[in-house]
Amino acid sequence: MTSGILDLPEIRALASQRGLIRIPQEIDVPLTPRVRQLIDTAEFRRLSRISQLGLVNLVYPAAHHTRFEHSLGVYRLALLYLRHLACDERFSQAVSPAQAELLIVAALLHDLGHWPFCHPIEDMRLPSVPDHELFANSFLLEGEIADTLRDDWGIQPRDIVALLSEKPRDASAQILTSILSGPIDIDKMDYLYRDSLHAGVPYGMNFDHQRLISSLTLNQAGNALAITEKGRTAAEMMVFARYVMFSEVYWHHAVRSGTAMLQRAFFFLHGNLDLDRLFRLSEQPVIDQLLKVAGAGPAGDLLSGLFGETRRLYKRVAQFSLFQDEPIYQSLAGRPYPWLVACGDALAEQLSKSLSRRVAPYQILIDAPPVKREIEFKIEVYFPKEDQFRNLGAVSPVVETLARKQFDDYVKRVRVLAHPEIAELCRSLDNLNGLLDTAIKQTVGA
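These remarks concern the structure in this document. Just so it is clear, the structure is predicted and the values come from calculations on it, not from any experiment. (Residues numbered from 1 in each chain as written. Predicted model: local features only at pLDDT ≥ 70, side-chain atom pairs only at ≥ 80, totals over all residues. Heavy atoms only, no water.)

Some thoughts on the packing of helix H21 (residues 337–355) against helix H26 (residues 432–444)
When two helices pack together, their arrangement is given by the angle between the helix axes and the distance between those axes.
Move 1: Between H21 and H26, the least distance of the axes is 8 Å, while the angle of their chain directions is 130°. Considering their axes alone, H21 and H26 lie oblique with respect to each other. Our pair here, H21 against H26, has a crossing hand that is right-handed. Seen from H21, the contacting residues are Trp339, Ala342, Cys343, Ala346, Leu347, Gln350, Leu351 and Ser354; seen from H26, they are Leu432, Leu435, Leu436, Thr438, Ala439, Ile440, Gln442, Thr443 and Val444.
Move 2: Partitioned by chemical class, the residues of the contact of H21 with H26 number twelve nonpolar, five polar and no charged. (Axes fitted to C-alpha atoms, helices over the stretch in contact; angles between N-to-C directions. Helix = DSSP H or I, 4+ residues; strand = E, 2+ residues; numbered from the N terminus. Parallel < 35°, antiparallel > 145°, perpendicular 65-115°, else oblique. Left-handed = near helix turned anticlockwise from the far one by under 90°. Contact = heavy atoms within 4.5 Å. Nonpolar A, V, L, I, M, F, W, Y, C, P; charged D, E, K, R; others polar.)

Considering the sheet that holds strand S7 (residues 380–383)
Move 1: Read from one edge to the other, the open sheet built from four strands follows the order S3-S4-S7-S8, with strand pairing classed as mixed. The open sheet has two edge strands with one neighbour each: strand S3 (216–218) and strand S8 (388–391). Adjacent strand axes in the sheet meet at a mean angle of 40° when their direction is disregarded.
Move 2: Looking at chain direction, strand S4 (residues 225–228) and S7 are connected through two bridges and run parallel. Counterpart to Ile227 in the pairing with S7 is Val381. (Pairing = 2+ DSSP bridges.)

Thoughts on the packing of aromatic side chains
Move 1: Summed over the entire model, instances satisfying the criterion amount to twelve aromatic pairs.
Move 2: Where Phe117 meets Phe307, the ring centres are 5.8 Å apart and the plane angle is 45°; that geometry is what we call tilted. Within this pair, whereas Phe117 is found in the loop between helix H6 (97–109) and helix H7 (118–123), its partner Phe307 is found in helix H19 (residues 298–307), the two being separated by 190 residues in sequence.
Move 3: Its relative accessible area of 23% is what places Phe307 among the partly exposed residues.
Move 4: Measuring from centroid to centroid gives 5.7 Å for Phe135 and Phe139, while their planes differ by 85°, and the two rings are edge-to-face. Each member of the pair, Phe135 as well as Phe139, carries the same accessibility label: buried.
Move 5: One aromatic cluster in this structure is built from Trp115, Phe135, Phe139, Phe266 and Phe279.
Move 6: Arg256 extends its terminal NZ or CZ atom over the ring of Trp251, reaching a point 3.8 Å from the ring centre.
Move 7: Above the ring of Phe268, the side-chain terminus of Arg264 is found at 4.3 Å from the ring centroid. (Phe/Tyr/Trp six-rings, centres within 6.5 Å; stacked < 30°, edge-to-face > 60°. Buried < 20%, exposed > 50% of the residue type's maximum accessible area, 1.4 Å probe, protein only. Lys NZ or Arg CZ within 6 Å of the ring centre and 35° of its normal.)

Concerning the environment of Pro120
Move 1: Examined against the element boundaries, Pro120 turns out to sit in helix H7.
Move 2: Overall, Pro120 belongs to the buried group, its relative accessible area being 17%.
Move 3: When neighbours within four sequence positions are excluded, Pro120 is seen to be in contact with Thr259 and Gln263.

Some remarks on the pairing of S7
Move 1: Where S7 and S8 come together, four bridges link them in antiparallel fashion. If you follow Phe383 over to S8, its bridge partner there is Gln388.
Move 2: Here S7 hands over to S8 after four residues, with Asp387 in that stretch at a positive phi of 50°.

What about the sheet that holds strand S9 (residues 414–418)?
Move 1: Within the open sheet, the three strands sit side by side as S5-S9-S6. Their pairing is antiparallel. Only two strands of the sheet have a single neighbouring strand rather than two, namely strand S5 (315–320) and strand S6 (364–367). Between one strand and the next, the sheet's axes are offset by a mean angle of 20°, whatever the strand orientation.
Move 2: Pairing geometry for S6 and S9, over four bridges, is antiparallel.

Side note on the pairing of strand S2 (residues 27–30)
Move 1: Bridging between strand S1 (residues 20–23) and S2 involves four bridges; their strand directions are antiparallel. Paired with Arg22 across the bridge in S2 is Asp28.
Move 2: The turn linking S1 back onto S2 is made up of three residues, and Glu26 within it adopts a positive phi angle of 55°.

Notes on helix H11 (residues 157–165)
Move 1: Residues of H11 that are buried: Pro157, Ile160, Val161 and Leu163. Along the long axis of H11, the arc covered by the buried residues comes to 165°, so they all point the same way.
Move 2: On its buried face, H11 sits against H6, helix H9 (137–140), helix H10 (144–153) and helix H12 (171–180). (Arc of directions from axis to C-beta.)

Quick notes on the pattern of salt bridges
Move 1: Summed over the entire model, instances satisfying the criterion amount to 16 salt bridges.
Move 2: Across the pair Arg22 and Asp28 runs a salt bridge, and its minimum N-O distance is 2.9 Å.
Move 3: A salt bridge links Arg390 to Glu386; its shortest N-O distance comes to 2.7 Å.
Move 4: Residue Glu386 is classed as partly exposed on the basis of its relative accessible area, which comes to 46%.
Move 5: One connected set of salt bridges, linked through shared partners, spans Glu10, Arg34 and Glu101. (Salt bridge = Lys/Arg side-chain N within 4 Å of Asp/Glu carboxyl O.)

Pasting the structure below:
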């Protein structure tokens, strides 16, 4: 049994040699007229001026790829997923061609609400900062994109909003959501590959995309993606790719230093910023606005170390993990950002006494895993000879170790970072951990 999904113009265009746009590495993305109408809007073109990885380029200088490129990659993967799943009888019965069109559009527009340095700012969970999925609504519900959805796609913008940001209400919506945001979703499959490619590291490319896509099916309940037995190894390698990319790229100590500096500067400034206006800008205008508002104060010093003529990152003076210094790690991981700021201020006060010189509060930063944790890798594997579904973690030691046992705690560290002027002095202290412990206790009692 085949599905009308295969007759959608974007699916048919996968086999065409015309109307293509090329993205790295030698990947052709089919553009139908109605897709071109979306990507030529000002709101979508804005993504071409927002980098995918933000401050990662401080360590990996070629990692300047954009959310525009990533969005095209995710859109293409949506087509590949649909082309394969359209031949699955249960999928074609659950998902109509019209719903498949919703998925295609949602895949293309899924990052529309991102602003520059979105994830580090969101991780702070400040009351004035919107969720980027909800921020996207202002781009989706009115303006050129909304008109294009109605006129060229016959889609109501609110249906895209529901798919991207609301809890799915039925099995069909749950299936589409699992394709967009799940253990083997199209977003993750693209960013692991693309981030690895541009950073110049092999970690995120070492899993078999084609094998994984060709093994896609529905789970036993028929409401989410699963894989057949032949995709098991590819799924295991994807788990490992994600683990290593977090360990070696996203949570590289120098990347996190830059992230902590940006977060502290934003914390200083956010009350004096028009966030709705700021978040609609592309990357360089956001940087310019932050520097303008910061002036010559502490936030300006932090930002000049990131965006000035000379890179001046804070130095790591102490580091803690779940399996090394667990008590300190557990005391700091997952704490609200304002609490971490208060703890850093308390530590700066302790250091001022021990070093017999003033250590300004902003010269000490505590970087820790945020409140929000990464999703666990839970997916079913279908064994056709036995007609049996089993959880991947139950049959895979790789997944059991790297995905089910609190992913965050094994790839993310708690770090104390110091201004370059005082880093060596801080490292020379024998009682730095004791001073931190005192600061933690003071903050708990604050």
